[in-house]
Amino acid sequence: MEYHEITPEDVQYLRKVTAPERVLYGDEIEYDYHHDELPLLGTHAPEVVVFVLTTEEVSAVMKYAYENTIPVTPRGAGTGLSGGAVPQYGGILLTTEKMNRILEWDLDTMTVLVEPGVLVMELDAAAEERDVFYPPEPGEKTASLGGNVMTNAGGMKAIGYGVTRRYVVDLECVLPDGRVMQFGSNVAKNTSGYDVKDLIIGSEGTLCIVTKIRLRVIHPPKVSYTLLVPYGSLEECLDTVPKFINSDLEPVAIEYISKAILDDAAYYLNKIMPHKTADTYMILMFNGGTTEDVERRCDAAAQLCLDNGAEDVFLCNTEETKDAVWSVRSAALEAEKVSTSDMDECDVVVPSNRIADFSHFADSLMEKYEIRISIFGHAGDGNMHIMLMRDDMDPEVFKERYEALMYELYDKASEMGGQVSGEHGIGHARVKYLEKQMGPEMVGLFRGIKAVFDEKNILNPGKVIKAYE
């Protein structure tokens, strides 16, 4: 595909339909807009950055881009980990970060209408003021809700509350040719034709640009306790997980983390943990309506853990102790990033009863390729975060080795019935691995879907699926 190269005349038009101060061109563009949170995955400079404020502006920009065959890369807060907001083909980087208003609370239907640039932490704070709760909790609280919708973000509470898709009621979207459409509706039930809304969720900005999002909120739990559970081995820790899944204890989070990563994150945050000498830790969260109910389930959970090899169980029922445990878990990625010169992180997902097998396989690759690997993740749903650290290895050697290592990781995940990504998305960094796993028939179906929405392949080209051979 040959794309139109941005000219001063194009910039003049974009400034006319938005505002001069909200269009950056050439040397005005900061390096931050060349990459997402993992620059190792590739950096590409946009030719022009446009900060949009309204649906009408997005529509005008897309109509112009469509008529002139200009590639457009949508971007939210830029916190992605797979290159989804990186402008591989230059063109327009269209950022919705200034579309950051909470437009309407409708507590009769327990929904909230937001623009895509609203951050997760901003919605959390506004919900708390109204005594309601938005459950999806990705690790990065400065991520935008538009980005969360476009990657179907999960997070640590997904085992109990589900992922972003469960809470999206309807979407206002701009198509690649500038048309504005609504997908979904604020009703409790709907079997009226194809569910295009759910197709848009997780599409990573390759089919349309979301400009308004109506989200479902719920009543917050009155009581929340956490258990930190040390184990002598990964197997003992993870072998306990199916017993929770098959119980009536209903934890809302089941996480696991190694001693090494726990130590790194605690040191990074200068936090003191209740325990720090075990090989592996399980972290459990229990929410409920009464203290008696939550305490009963915590007692039963503690006994279940002790009966299955746990060294001890630490109850965290104060804000200070809960914050120490969950802030350390949330900081795991950042702590590992500062421990090395460069890194890549993928989020492979396998059936939850295969996590230990997969982790040991990854350990064998660490020895084979001489690349340091750290693994932690969501034990309840099998979603692992695997970090490959360059340390002092030559960058070219590292790139060659880590790509070969990644193919082996994804092949093993596929063999176990897993998938390439559980929550971070494909972006451009995982396309080749996804295509290898899917095979030609599914690749063809994906390309057909892309062509229906975007026959010119101008919207986030090169992400999720290659539009053409």
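The structure reproduced in this document is the subject of the present report.

Calculation rules
Residues numbered from 1 in each chain as written. Predicted model: local features only at pLDDT ≥ 70, side-chain atom pairs only at ≥ 80, totals over all residues. Heavy atoms only, no water. Core = buried A, V, L, I, M, F, W, Y, C linked by side-chain atoms within 4.5 Å. Buried < 20%, exposed > 50% of the residue type's maximum accessible area, 1.4 Å probe, protein only. Contact = heavy atoms within 4.5 Å. Pairing = 2+ DSSP bridges. Helix = DSSP H or I, 4+ residues; strand = E, 2+ residues; numbered from the N terminus. Axes fitted to C-alpha atoms, helices over the stretch in contact; angles between N-to-C directions. Parallel < 35°, antiparallel > 145°, perpendicular 65-115°, else oblique. Nonpolar A, V, L, I, M, F, W, Y, C, P; charged D, E, K, R; others polar. Lys, Arg positive; Asp, Glu negative; His and termini not counted. Salt bridge = Lys/Arg side-chain N within 4 Å of Asp/Glu carboxyl O. Polar contact = N/O pair within 3.5 Å; in protein donor to acceptor, adjacent residues only side chain to side chain. 1 Å grid on protein atoms, 1.4 Å probe; cavity = no way out; pocket = protein on both sides within 12 Å on 5 of 7 lines; lining within 4 Å. Points joined across faces, edges and corners; volume = space filled by probe spheres on them.

With 119 residues, the main nonpolar core has Ile200, Phe244 and Ile386 as its most contacted residues. The contacts of Phe244, once residues within four sequence positions are left out, are Leu249, Pro251, Ile254, Met282, Leu284, Phe286, Ala301, Leu304 and Cys305.

Taken in spatial order, the five strands make up an open sheet running S5-S6-S9-S7-S8, and their pairing is antiparallel. Of all the strands in the sheet, the pair left with one neighbour each is strand S5 (102–106) and strand S8 (180–184). Averaged over all neighbouring strand pairs, the angle between strand axes comes to 15°, with direction disregarded. When S5 meets strand S6 (residues 111–114), the two strands line up antiparallel, connected through four bridges. Of the residues in S6, the one forming a bridge with Trp105 is Val112. Across the face of the sheet, helix H3 (residues 120–129) comes into contact with S5, S6 and strand S9 (209–216) while running at roughly 35° to S5.

To continue, consider the packing of helix H15 (residues 431–438) against helix H16 (residues 440–453). Between H15 and H16, the shortest axis-to-axis distance is 7 Å and the interhelical angle comes to 120°. Classified by the interaxial angle, the pair formed by H15 and H16 is oblique. Along the contact surface, H15 presents Leu434, Glu435 and Met438, while H16 presents Met442, Val443, Phe446 and Arg447. Its residues placed into classes, the contact of H15 with H16 shows five nonpolar, no polar and two charged.

A few words now on the side chain of Glu345. Relative to the helices and strands, Glu345 resides in strand S14 (residues 343–346). Summary of buried charges: Glu345 has no salt-bridge partner, and the nearest side chain of opposite charge, Arg430, is 6.2 Å away. Side-chain polar atoms of Glu345 contact the side chain of His385, separated by 2.8 Å.

Another point: the pairing of strand S7 (residues 168–174). Counting buried residues in S7 gives seven out of seven residues, a clear majority hidden from the surface. Note: S7 against S8, five bridges, orientation antiparallel. In the sheet register, Val174 faces S8, and the bridge partner there is Val180. With antiparallel pairing between neighbouring strands as the criterion, S7 and S8 make up a hairpin whose turn holds five residues, including Gly178 at a positive phi of roughly 100°.

Across the sheet, which stays open at both edges, the four strands sit in the order S1-S2-S4-S3 with mixed pairing between neighbours. Pairing within the sheet leaves two strands with one partner each, and these edge strands are strand S1 (23–25) and strand S3 (72–75). Between one strand axis and the next, the sheet turns through 20° on average, direction left out of account. Bridge count between S3 and strand S4 (residues 92–95): four bridges; the pairing is parallel. Counted as the bridge partner of Pro74 is Leu94 from S4. Helix H1 (residues 8–17) rests against S1, strand S2 (48–51) and S4 of the sheet, and its axis sits at about 165° to S1. In the packing of helix H2 (residues 55–68) onto the sheet, contacts are made with S2, S3 and S4, and the angle to S4 comes to roughly 165°.

Within this model, the largest pocket holds a volume of roughly 980 Å³. Lining the largest pocket are 47 residues, and of these Thr79, Gly80, Ala143, Asn148 and Thr151 lie nearest its centre. Split into classes, the residues belonging to the lining of the largest pocket amount to 16 nonpolar, 22 polar and nine charged. Of the pockets and cavities examined, the second largest pocket occupies roughly 840 Å³. In terms of lining residues, the second largest pocket is bounded by 27 residues, among which Asp124, Glu128, Phe133, Glu137 and Lys157 are the most central. Elements with a minimum of two residues in the lining of the second largest pocket: H3, strand S10 (223–231), strand S12 (280–288) and helix H11 (319–330).

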